[in-house]
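# Secondary and tertiary structure notes
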Amino acid sequence: MTTFATSRDIPASPEQVFAAISDPQRLARWWGPAGFTNSFSICEFKPGGYWSFVMHGPNDKNYLNESQFAEIEAPSLVVVQHISEPRFRLTISLASSATGTLVSWSQVFEDAEIASQVEHIVVPANEQNLDRLTAEVVGE
């Protein structure tokens, strides 16, 4: 297994950050790397809920994503199991900090070889995801 982890301090409460994750309309606005948009067909934000969507890339390509919300503990934890390829488990933890909320983002890939193949995409994309989440929350 291979883990890619990053974190960001967002100047807002855990409840405000969690609201940007738990609301499908808001999630669709910020999810994914810079330049991507989303079309959600299903977003059952509850433990065991299914999440199916297409990410539309700036290169006019579409990327089908299918996931399950494995765990949700408002307002501190969201765990997403990505069930389409490449398989990974994303854990988003929210904790109060001196300036707002520390968002910890940990993505664990089951297959180290696949992780190695996508690392050049995943590492910057995770930072861009957090940039977009921050903009969604702060722009509220």
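Relevant structure appears above.
Structure report, in brief.

### Description of the overall build of the chain
Looking only at helices and strands, one finds three helices and seven strands in the chain. Element order for the chain, N to C, with α for helix and β for strand: β-α-α-β-β-β-β-β-β-α. Here the C-alpha atoms of the chain give a radius of gyration of 14 Å, agreeing with the 14 Å that 2.2 N^0.38 yields for 140 residues. Projected onto its principal axes, the C-alpha positions of the chain cover 40 × 30 × 30 Å. Counting over 140 residues, the chain shows a buried share of 42%. In the chain, the share of contacts with a sequence separation of at least 24, taken over all contacts with a separation of at least 6, comes to 47%. Working note: accessible area of the chain is about 7,000 Å², and carbon and sulfur atoms make up 54% of it. In the chain, 8 positive and 17 negative side-chain charges are present, and the distance between their average locations comes to 5 Å.

### As for the layout of surface pockets
Here the largest pocket is characterised by a volume of approximately 650 Å³. Lining the largest pocket are 29 residues, with Pro33, Met55, Asn65, Ile121 and Val122 positioned closest to its centre. Among the secondary structure elements, those contributing two or more residues to the lining of the largest pocket are strand S3 (50–56), strand S4 (62–73), strand S5 (77–82), strand S6 (88–97), strand S7 (100–109) and helix H3 (112–138). Among the elements that line the lining of the largest pocket, the one with the most residues is H3, at nine residues. For the lining of the largest pocket, the residue count by class is 19 nonpolar, nine polar and one charged.

### With respect to the side chain of asparagine 129
Along the polypeptide, asparagine 129 turns up in helix H3. Leaving out residues up to four positions away in the same chain, asparagine 129 has contacts with Trp30, Trp31, Gly32 and Trp105.

### Notes on unusual backbone geometry
The peptide bond linking alanine 74 to proline 75 adopts the cis configuration, its omega dihedral lying at -5°. Here proline 75 lies in the loop between S4 and S5. Cis geometry is found at the peptide bond from glutamate 85 to proline 86, where omega equals -5°. Within the secondary structure, proline 86 sits in the loop between S5 and S6. Phi at aspartate 60 takes a positive value of approximately 65°, unusual for a residue other than glycine. As for its placement among the helices and strands, aspartate 60 is situated in the loop between S3 and S4.

Rules used in this analysis
- Residues numbered from 1 in each chain as written.
- Predicted model: local features only at pLDDT ≥ 70, side-chain atom pairs only at ≥ 80, totals over all residues.
- Heavy atoms only, no water.
- Helix = DSSP H or I, 4+ residues; strand = E, 2+ residues; numbered from the N terminus.
- Rg over C-alpha atoms; globule rule 2.2 N^0.38 Å.
- Buried < 20%, exposed > 50% of the residue type's maximum accessible area, 1.4 Å probe, protein only.
- Contact = heavy atoms within 4.5 Å.
- Areas by Shrake-Rupley, 256 points an atom, 1.4 Å probe, with all protein chains shown as cover.
- Lys, Arg positive; Asp, Glu negative; His and termini not counted.
- Charge placed at Lys NZ, Arg CZ, Asp CG, Glu CD.
- 1 Å grid on protein atoms, 1.4 Å probe; cavity = no way out; pocket = protein on both sides within 12 Å on 5 of 7 lines; lining within 4 Å.
- Points joined across faces, edges and corners; volume = space filled by probe spheres on them.
- Nonpolar A, V, L, I, M, F, W, Y, C, P; charged D, E, K, R; others polar.

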